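The residues making up each chain are set out below.
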Amino acid sequence: MMPPAAGTGQAGVSLPDPVPAHPLLDGLPELGRGESSIVLDPGDGQRVFKIVSSPADYFYLAADDRPTGIHFPRLFHDHGVIGKASSGYSFRLLEIERLLPVSGDAEALAQLLSRAYWEGCEKWANMGVNRGRLALYHISREPPPGLPDSLIQAVAALSDFIEEYPVQPDILNPHNLMMRSDGTLVLSDPVFLP
């Protein structure tokens with residue numbers, strides 16, 4: 001069985017809140033929305049402003065002990081709390097590197113990783129909510145052929161991070177894996193609150 005197609009599950013849900021008023025955001029075009037985030041374009045082609053309302057996103061992108069390295073988003077600046085979302089969580093404004101949808105070699109790696117993750121989730125389906133954690137852990141220990149060492153190390157770092165925070169992994173949503181302009185696959189948004 002293959003992973004669910006794009007647009008299934010929560011992939012189609014987007015944050016209903018308006019962009020909070022903030023001098024850094026005034027007049028900026030919106031690039032996109034996720035279930036708990038809004039991304040705005042400051043126009044330099046190098047960075048974006050990401051407004052996050054989920055503690056999971058904030059931990060992943062800005063915690064001091066977050067995973068870092070070539071397969072993780074680069075944080076330029078944490079601008080702090082800028083309001084409150086309708087969910088009740090604080091809106092936090094982060095300045096992060098601009099990433100692109102996967103294509104070419106990065107897309108092939110993303111598909112390989114997502115497929116291995118899906119197969120692991122199916123294998124440990126009887127573990128309920130912990131199946132994703134187990135799938136990720138086992139990818140880091142027994143990676144599928146063709147996964148580069150740097151990505152295996154990134155998966156291991158993500159697995160360790162997930163064990164320390166009250167979050168679950170999600171690398172099935174096609175928007176959770178992106179790439180840099182040089183083609184490097186980035187685990188852009190691979191966690192959520194259960």
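Located above this text is the structure these notes cover.
The paragraphs below set out a description of the structure included in this document. Residue positions within a chain follow its written sequence, with the count starting from 1. Local features in a predicted model are, by the rule used here, given only for residues with pLDDT of at least 70; side-chain atom pairs are given and counted only at 80 or more, and totals for whole chains, interfaces and linings are based on all residues. Calculated side-chain values reflect all of the structure's heavy atoms, with hydrogen atoms and water omitted.

## Considerations on the overall build of the protein
Working step 1: The secondary structure listing takes helices from DSSP runs of H or I that are at least 4 residues long and strands from runs of E that are at least 2 residues long, numbered from the N terminus. For the protein, the helix and strand inventory stands at 4 helices and 10 strands.
Working step 2: When the helices and strands of the protein are read in sequence order from the N terminus, they spell out β-β-β-α-β-β-β-α-α-α-β-β-β-β.
Working step 3: Only the C-alpha atoms count toward the radius of gyration. The rule for a globule is 2.2 Å times the residue count to the power 0.38. Against the compact-globule benchmark of 16 Å for 194 residues, the protein has a radius of gyration of 16 Å, which places it among compact chains.
Working step 4: When the backbone C-alpha atoms are referred to their principal axes, the protein occupies close to 50 × 35 × 30 Å.
Working step 5: Accessible area is worked out with a 1.4 Å probe on protein chains only. A residue is then buried under 20% of its type maximum, exposed over 50%, and partly exposed in between. Looking at the protein residue by residue over its 194 residues, the buried ones come to 45%.

## Quick notes on the packing of aromatic side chains
Working step 1: Two aromatic rings, drawn from Phe, Tyr or Trp (for Trp, its six-membered ring), form a pair once their centres lie within 6.5 Å of each other, and the interplanar angle then sorts them: stacked below 30 degrees, edge-to-face above 60, tilted otherwise. Counted according to the given criterion, the structure contains 4 aromatic pairs.
Working step 2: Between Phe59 and Tyr165 the ring centres are 4.8 Å apart and the planes differ by 40°, which places this aromatic pair in the tilted class. Here the residue Phe59 occupies a position in helix H1 (residues 55-62), and Tyr165 occupies one in the loop between helix H4 (149-164) and strand S7 (168-169), the gap between them amounting to 106 residues.
Working step 3: Where Tyr60 meets Phe161, the ring centres are 6.0 Å apart and the plane angle is 70°; that geometry is what we call edge-to-face. Of this pair, Tyr60 sits in helix H1 while Phe161 sits in helix H4, and the two are 101 residues apart along the sequence. Of the two residues, Tyr60 and Phe161, both sit in the buried class.
Working step 4: Three or more aromatic residues joined by ring pairs form one cluster here, namely Phe59, Tyr60, Phe72, Phe161 and Tyr165.

## Describing the pattern of salt bridges
Working step 1: Whenever Lys or Arg places a side-chain nitrogen within 4 Å of a carboxyl oxygen from Asp or Glu, that contact is recorded as a salt bridge. Inspection of the entire model under this criterion finds 7 salt bridges.
Working step 2: A salt bridge links Glu30 to Arg33, with the nearest nitrogen and oxygen atoms 2.6 Å apart.
Working step 3: Since its relative accessible area comes to 29%, Arg33 is described here as partly exposed.

## Remarks on the nonpolar core
Working step 1: In this description, a nonpolar core means a group of buried Ala, Val, Leu, Ile, Met, Phe, Trp, Tyr and Cys residues linked to one another through side-chain atoms lying within 4.5 Å. Ranked by size, the top nonpolar core spans 39 residues in total, and within it Tyr60, Leu113, Leu147, Leu158, Phe161, Leu187 and Val191 carry the most contacts.
Working step 2: When contributions to this core are tallied by element, the ones reaching two or more residues are strand S3 (47-52), H1, strand S5 (90-97), helix H2 (104-123), helix H3 (131-141), H4, strand S8 (177-179) and strand S9 (185-187).
Working step 3: For this analysis, residues touch if any pair of their heavy atoms sits within 4.5 Å. Discounting residues that sit within four places of it in the chain, Tyr60 has contacts with Arg66, Pro67, Phe72, Pro73, Leu158, Phe161, Leu187, Ser188, Asp189, Pro190 and Val191.

## Remarks on the environment of Leu172
Working step 1: Relative to the elements of secondary structure, Leu172 occurs in the loop between S7 and S8.
Working step 2: Between the C-alpha atom of Leu172 and that of Ala154, which follows or precedes it by 18 residues, the distance is 16 Å.

## What about the pairing of strand S4 (residues 75-84)?
Working step 1: When DSSP finds two or more bridges between two strands, those strands count as paired. Pairing of S4 with S5, which is carried by 7 bridges, proceeds in the antiparallel orientation. Within S5, the position partnered with Gly83 by the bridge is Phe91.
Working step 2: Between the end of S4 and the start of S5, which pair antiparallel, lie 5 residues, with Gly88 showing a positive phi angle near 100°.

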